[in-house]
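# Descriptive analysis of the structure
Listed below are the residues making up each chain.
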Amino acid sequence: MPPVIDHEKCTKCGKCADICSEDVFYGSKKGEIPNVTYPKECSHFAGCVYICPAKAITLRIPLPMLLVYKPSEEIRTT
Amino acid sequence: MFQEEVIKADVLCVGGGIAGLMAAIRAGELGAKVVVAEKGNPLYSGCGRMGNDHFETWVPEVHGEDMDAWIEELLGTAKGEILIGKNLLRAQFRKAYDVVRLWDGYGIPMKHKGKWEFSGHTFPGRPFTHIKYEGRFQKEILVKQAKDRGARIISRAMIFDLLKQGEAITGAVGVDTRADKIYVFQAKAVILGTGKCSRLYPCLTPGWMFNDPHGNVQAGDGRAMAYRAGAELQNLEMPQRHIGPKYFAKFGQATWVGVVRDWYGKAAGTFVTSPDRRYGDMICEVSKLAPEQYTMAGKGPLYMDCTGIKEEDLEYMLHWFVHEGNISLLDHMKEEGIDLRKHPIEFSTYPHRGGGLIVANEKAETTLKGLYAAGDEAFGDISAAATFGYIAGENAAKQAGNTAEPDVERSRPVIEDKKTQLDTLRGRQCGPDWDETQVALQQTMLDYAGHVRNESLLLQGLHHLRRIKEKARATLTAGNPHELGRCLEVLNLLDLGEITFIMALDRKETRGLHVRPDYPFTNPTLNQAHIVSLRNGRASTSWRPY
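One structure accompanies this document, and this report is about it. What you see is a predicted model; the values in this text were computed from it and never measured. (Residues numbered from 1 in each chain as written. Chains lettered and ligands numbered in written order. Predicted model: local features only at pLDDT ≥ 70, side-chain atom pairs only at ≥ 80, totals over all residues. Heavy atoms only, no water.)

## Quick word on the overall build of chain A
Each helix and strand in chain A was counted, giving two helices and two strands. Secondary structure elements in chain A, listed N-terminal to C-terminal, are β-α-α-β. Relative to the compact-globule value of 12 Å for 78 residues, chain A shows a C-alpha radius of gyration of 16 Å, a clear excess of over 25%. Relative to its 78 residues, chain A shows a buried fraction of 45%. For chain A, the share of sequence-separated contacts (at least 6 apart) that also reach a separation of at least 24 residues comes to 50%. Summing over all exposed atoms, chain A offers an accessible surface of approximately 4,400 Å²; the carbon and sulfur share of this is 53%. Counting 10 positive and 9 negative side-chain charges, chain A places the centres of these two groups 2 Å from one another. (Helix = DSSP H or I, 4+ residues; strand = E, 2+ residues; numbered from the N terminus. Rg over C-alpha atoms; globule rule 2.2 N^0.38 Å. Buried < 20%, exposed > 50% of the residue type's maximum accessible area, 1.4 Å probe, protein only. Contact = heavy atoms within 4.5 Å. Areas by Shrake-Rupley, 256 points an atom, 1.4 Å probe, with all protein chains shown as cover. Lys, Arg positive; Asp, Glu negative; His and termini not counted. Charge placed at Lys NZ, Arg CZ, Asp CG, Glu CD.)

## So, the pairing of strand E11 (residues 259-262) of chain B
Within a regular strand, the side chains alternate between the two sheet faces. Residue and element names in this part refer to chain B. With burial as the criterion, each face of E11 is covered, one bearing Val 259 and Arg 261 and the other bearing Val 260 and Asp 262. Sheet topology note: the E11/strand E12 (residues 302-305) ladder contains four bridges and is antiparallel. Within E12, the residue paired with Val 259 across the bridge is Asp 305. (Pairing = 2+ DSSP bridges.)

## Digging into unusual backbone geometry
Omega for the bond connecting Gly 300 of chain B with Pro 301 of chain B falls within 30 degrees of zero, at -5°, which places this linkage in the cis form. Phi at Asp 23 of chain A takes a positive value of approximately 60°, unusual for a residue other than glycine. The residue Asp 23 of chain A is located in the loop between helix H1 (15-19) and helix H2 (47-51) in this model. Overall, the relative accessible area of 2% leaves Asp 23 of chain A in the buried class. Although it is not a glycine, Asn 536 of chain B adopts a positive phi angle of roughly 50°.

## Side note on the packing of helix H4 (residues 86-106) of chain B against helix H11 (residues 382-401) of chain B
Residues and elements named next belong to chain B. At their nearest, the axes of H4 and H11 sit 8 Å apart, and the two run at 90° to each other. The angle between the axes of H4 and H11 places the two elements in the roughly perpendicular class. Of the residues in H11, those in contact with Leu 88, Ala 91, Gln 92, Lys 95, Ala 96, Val 99, Leu 102 and Trp 103 of H4 are Ile 382, Ser 383, Ala 384, Ala 386, Thr 387, Phe 388, Tyr 390 and Ile 391. A per-class count over the contact of H4 with H11 returns 12 nonpolar, three polar and one charged. (Axes fitted to C-alpha atoms, helices over the stretch in contact; angles between N-to-C directions. Parallel < 35°, antiparallel > 145°, perpendicular 65-115°, else oblique. Nonpolar A, V, L, I, M, F, W, Y, C, P; charged D, E, K, R; others polar.)

## Things to note about the packing of helix H3 (residues 67-76) of chain B against H4 of chain B
Residues and elements named next belong to chain B. Across the interface, H3 lies against H4 with an axial gap of 10 Å and an inter-helix angle of 135°. Considering their axes alone, H3 and H4 lie oblique with respect to each other. You can see that H3 and H4 cross each other, and the crossing is right-handed. Where H3 approaches H4, its residues Met 67, Asp 68, Trp 70, Ile 71, Glu 72, Leu 74 and Leu 75 are matched on the opposing element by Lys 86, Leu 89, Arg 90, Phe 93 and Arg 94. Among the residues making up the contact of H3 with H4, the classes are represented as seven nonpolar, no polar and five charged. (Left-handed = near helix turned anticlockwise from the far one by under 90°.)

## A short note on the interface of chain A and chain B
The figure often quoted for interface size is the accessible area lost as the parts come together. Each side of the interface is counted separately: chain A has 33 residues, and chain B has 49 residues. Of the roughly 3,800 Å² buried where chain A meets chain B, counting both sides, 58% is carbon and sulfur surface. By the criterion of area lost to chain B, the three top residues of chain A are Phe 45, Leu 67 and Lys 70 of chain A, representing 23% of everything that side buries. In this assembly, chain A and chain B are joined by four salt bridges. (Buried area = accessible area lost by both parts, 1.4 Å probe. Salt bridge = Lys/Arg side-chain N within 4 Å of Asp/Glu carboxyl O.)

## Points about the packing of aromatic side chains
Residues and elements named next belong to chain B. This model, assessed by the stated rule, comprises 17 aromatic pairs over all chains. Arranged with centres 5.8 Å apart and planes meeting at 65°, the rings of Trp 103 and Tyr 133 form a pair that is edge-to-face. Note that Trp 103 is positioned in helix H4 and Tyr 133 in the loop between strand E4 (130-132) and helix H5 (138-148), a separation of 30 residues in sequence. Trp 103 gets classed as buried once you look at its relative accessible area, which sits at 0%. (Phe/Tyr/Trp six-rings, centres within 6.5 Å; stacked < 30°, edge-to-face > 60°.)

## So, the pattern of salt bridges
All names here are of chain B. Enumeration over the complete set of coordinates arrives at 48 salt bridges over all chains. Close ionic contact of Asp 495 with Arg 473 constitutes a salt bridge, the shortest N to O distance being 4.0 Å. With Asp 495 in helix H15 (residues 481-506) and Arg 473 in helix H14 (residues 455-475), this residue pair connects regions lying 22 residues apart in the sequence. Residue classification places Asp 495 among the buried residues on the basis of a relative accessible area of 9%. Via salt bridges that share partners, Asp 161, Arg 228, Lys 418, Arg 466, Lys 469, Arg 473, Asp 495 and Glu 498 belong to a single interconnected network.

Take it as geometry only, folks, not as evidence of what the structure does.
Here it is in structure tokens:
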């Protein structure tokens, strides 16, 4: 569930927790790796992804939100 | 037990979106002591959080000196049915170009490669209406401008009710969404800019509530508190729907350079026949219901088809996607191997969203003394938010200069009552949480005030919603300060849902998305503002010419 923090890369600066308007990182403590406390409240704007100076955050887009596209190849019907 | 902090200001801006920040900038510039209270963080809050790429404005070098001619052309074609007074649109457009130049001066690039760039939101052959601008970092820039003019910005402060003495607004109360603390604001003028009402109806992905192009914390807070304070609201029963990529709810209909086509490649409209960077496909503007109608007619799905796009136009579109706040959409397409050159993207009619607005005039004044409204709270888009935010800030500052300092202590019984309410929500051990309550609300709204409405359906829905509201008031639980904020949002939404039913019953006609088979025709005499306000504890409705 979004966002996903790479614990190896995270520098514990807390910027993601600071800027998230939904506060999905609620309860995170300064100087520690933020907790993704309310992942389902993520709005998938990727603000946290792009403010992270260590590029430690990725958004895992939940299955219900997968974009629907028309494939360029033929669809097998058997 | 809630701690209390009293904060005094001349002008209090509720919400730090585009409107709130522009209000803070202008009021600060005029010397007012300004506080912005934002329940998230204004650097990344509101519809404009990750950017916007178009701004509706007249530009004299492009459109000629006759601004009024451009305005009238715009009102005559591109706008379709207007559910607000044209005087408001005229006020916006007369100021919008000034605001564009201000933004350019602040460092938000309003030109592209040194020139005014127009595209999208325009019918081929008609005058252009929206400049393209690079808004990716607009919030950061506006926050800095507000701070430079002395505005104090308080994040994680969710205002939930207004304070009033007599008929004048004197402040507001809010909670800290990270600590058990109540904020008491004393202000000579309050500007509401809390945005849309996103969570009244279920979202695009059932069971996954936070998937709305506006973001998901816009819960109609401003409308609800304005109503409870006695201000007039308008047209709440007229829901809105948008159009965009299926299941990944994002704005940007006019940023897409493609043709809306069916599975077999047949265009849905007649405006463009191949991807055109100047116009996009206006079918999205003409009928946001097109994807749903295609499906219902057995012709679906419908796609935004960019195949055949020129390489330079693809690059152009991707550039503007970033500024329109759709960077996560681009990342997702990349991860999934979706190539717009060969993969049409299914478009969807997005679900119902709570409609209506707070009644405000050309000066952004609501019907309560000392209370202003701007942005999606009142009406409009990015241009309206910026322009009316500025107008609201100017008039609020002027009013504050002529108003004696109110004494917030005179509202002490009300404040203590609010504290008790908050204590109760936080203290309960057992009961529904906010999202359980919201599911109950949303299913009731969709089933009884959704696609089709009639008197019996609406009466049943109103009765059921009131039961939910009563139970929520008596049993809602907030496990921590974050959930307390969500609970207050849901309580606001319940109020707005109830008013929506009352107004839908009162609108005895079919118009737009208000479909009443028991009154199947549009009644031209009801082409007026439908007003509601709280009088003696009850919703009182009336009609007034726009």
